[in-house]
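Fold and geometry: a report
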Amino acid sequence: MPRRDAAGATAAAGRLGPQLWRAARRYLRRRLRMSVDAIEHLVGGLGTSILALAAVLLLVLVALASVVGIGLAVVPSAAKAVRLAANRERARLSRWDRDLPLPPAVPTGLRDVLRDPWFRRECAFVAVHGTVGFGLGVLGLSLPISAVQNLLFPLYYWVLPPEAGGPGFIDWRIDGLPDALVVGLIGVGWLAATVALNPPLAGLQALPGRRLLAPPRDVDMSLRIAELTATRAAALDAHAAELRRIERSLHDGAQNRLVAVTVLLGAARRAMLRDPARAVEILDRAHDSAEQALAELRSVVRGILPPVLDHRGLAAALDGLAAGCGVPCTVEVDVPGRCAASVEATAYFVVAEALTNVARHSGAASVAVTVRRSVDRLYVSIVDDGRGGADEGHGSGIAGIRRRVQGHDGQFTLTSPPGGPTTLLVELPCGS
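About the cut-offs
- Residues numbered from 1 in each chain as written.
- Predicted model: local features only at pLDDT ≥ 70, side-chain atom pairs only at ≥ 80, totals over all residues.
- Heavy atoms only, no water.
- UniProt positions renumbered as here; feature names shortened; annotations may be inferred.
- Helix = DSSP H or I, 4+ residues; strand = E, 2+ residues; numbered from the N terminus.
- Axes fitted to C-alpha atoms, helices over the stretch in contact; angles between N-to-C directions.
- Parallel < 35°, antiparallel > 145°, perpendicular 65-115°, else oblique.
- Contact = heavy atoms within 4.5 Å.
- Nonpolar A, V, L, I, M, F, W, Y, C, P; charged D, E, K, R; others polar.
- Phe/Tyr/Trp six-rings, centres within 6.5 Å; stacked < 30°, edge-to-face > 60°.
- Buried < 20%, exposed > 50% of the residue type's maximum accessible area, 1.4 Å probe, protein only.
- Lys NZ or Arg CZ within 6 Å of the ring centre and 35° of its normal.
- Core = buried A, V, L, I, M, F, W, Y, C linked by side-chain atoms within 4.5 Å.
- Salt bridge = Lys/Arg side-chain N within 4 Å of Asp/Glu carboxyl O.

1. Topic: the UniProt feature "transmembrane region" (unreviewed entry) in the chain
Under the feature "transmembrane region" (unreviewed entry), the UniProt entry names residues 50-75, 124-145 and 180-201. Here residues 124-145 runs as 100% helix and 0% strand, with 31 Å between its end C-alpha atoms. The distance separating the terminal C-alpha atoms of residues 180-201 is 30 Å; by composition the span is 100% helix and 0% strand.

Put into structure tokens, the structure is as follows:
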């Protein structure tokens, strides 16, 4: 018995090793992807911070000129410059995170400009983003630049005089390859700092825009009411479309099969006395029709809520979709615990419809599905390397995906330039 226990423990350890290795690889890939995304966001934030800094300098000049009375006339023009910088940041954050609606046009009168709640919040934004945001952008970009300089230093150190030292703060003498390799090791530290610090730096840089560029409370409430009205209508449309699909599947499939079974059973009963062999043949056909009707009923039930989704969770259900996809598909799911059943069902059907579109229309050689949960949001990404040019208005099922997502108060984004790749991003609220 102890020998069996030892063998079982060895086998368990043998299985645990590859699982830990796969988990470590997924973690590293996720961290690297987050770091690359953070660099992209920091670059964009640095650009908008330069615009914000220019707007701040303009406001200071206008304020100084207003002391002597000649700057009041250009306050509306300065407000337009502030609005331009703020709108560029709104557009950047809308591509990255949630949509930030654009404000109305800047008022033309001085008194109206000064009373405008949008303008007051935008002035606070350019002041913070043009200073703190600029510093965070420079800091965030200096980390990967320092990492690259130090990591590559052993390849070009020999062209520099030894007393010149290394890149950045490294000012000691470099006498040979060992000293250059030490600089390269410092580059590894810079790389680790980039991976660890850039995502929070990017989030901190975007924080003033998220807080100050959102609509004022009364405007935000009216926009939210309009948004909820639209999503409620989308939910009702999606529900009606789903009922029509189920009714059509039952009417055109299982019901026709069951009618055929009834007709065949009647014919078999009439033939039972006259031609028993013929009756057996008819019963066999009735049996086949009954099996087909049962299979179609199961298909309809799976279309309402797949049993694997209910019993084994979203990851197992998506693995099943990937296995049945006509295009090589990789699935990466990072969802601790379970989400609400309606959220998992929406994510499942989004992926199912997207993979069907990829197999039918894209001509792709591969497709990647990524699902992750961050606090109270579920993010679904489907990326294929096909020909692109996906159009929501040409009956490819994309409009149905959008309705289903909007019915769940989620966000849907499709990017499909001609030549590809096609990226479908879905964000669903999933509770705390």
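Moving on from the coordinates now.
2. As for the packing of helix α10 (residues 341-362) against helix α11 (residues 398-407)
Relative to each other, α10 and α11 sit at 170°, their axes nearing to 10 Å. The angle between α10 and α11 places the two elements in the roughly antiparallel class. Contacts between α10 and α11 involve Thr346, Phe349, Val350, Glu353, Ala354 and Asn357 from the first element and Ile398, Ile401, Arg404 and Val405 from the second. Among the residues making up the contact of α10 with α11, the classes are represented as six nonpolar, two polar and two charged.

3. Some thoughts on the packing of aromatic side chains
Enumeration over the complete set of coordinates arrives at three aromatic pairs. Pairing Phe153 with Tyr156 gives two aromatic rings, centres 5.3 Å apart and planes at 80°, and the pair type is edge-to-face. Of the two residues, Phe153 and Tyr156 both sit in helix α4 (residues 117-156), three residues apart, roughly one turn of that helix. Residue class for Tyr156 comes out partly exposed when judged on its relative accessible area of 31%. When the ring of Tyr348 is compared with that of Phe349, the centres are 5.4 Å apart and the planes differ by 85°; the resulting orientation is edge-to-face. Residue classification places Tyr348 among the buried residues on the basis of a relative accessible area of 12%. Within the aromatic cluster, the residues linked to one another by ring pairs are Phe153, Tyr156 and Tyr157. Taking NZ or CZ as reference, Arg372 lies 4.6 Å from the ring centre of Tyr379, over its face.

4. Overview of the nonpolar core
With 37 residues, the main nonpolar core has Leu378 and Ile382 as its most contacted residues. Elements supplying a minimum of two residues to this core: α9 (314-323), α10, β2 (367-374), β3 (377-384), α11 and β5 (422-429). It is α10 that contributes the most residues to this core, 11 residues altogether. Not counting residues up to four positions away in its chain, the partners in contact with Leu378 are Leu314, Val335, Cys339, Val343, Ala347, Val371, Arg372, Arg373, Val426, Glu427, Leu428 and Cys430. If you look at the next biggest cluster of nonpolar residues, it comprises 20 residues, including Ala52, Leu93, Phe119 and Ala214.

5. Digging into the pattern of salt bridges
All chains considered together, the criterion is met by 10 salt bridges. Across the pair Glu89 and Arg92 runs a salt bridge whose closest N-O atoms are separated by 2.8 Å. In this pair, Glu89 and Arg92 both sit in helix α2 (residues 75-96), three residues apart, roughly one turn of the helix. For the pair Glu89 and Arg92, a shared accessibility class is recorded, and that class is buried.

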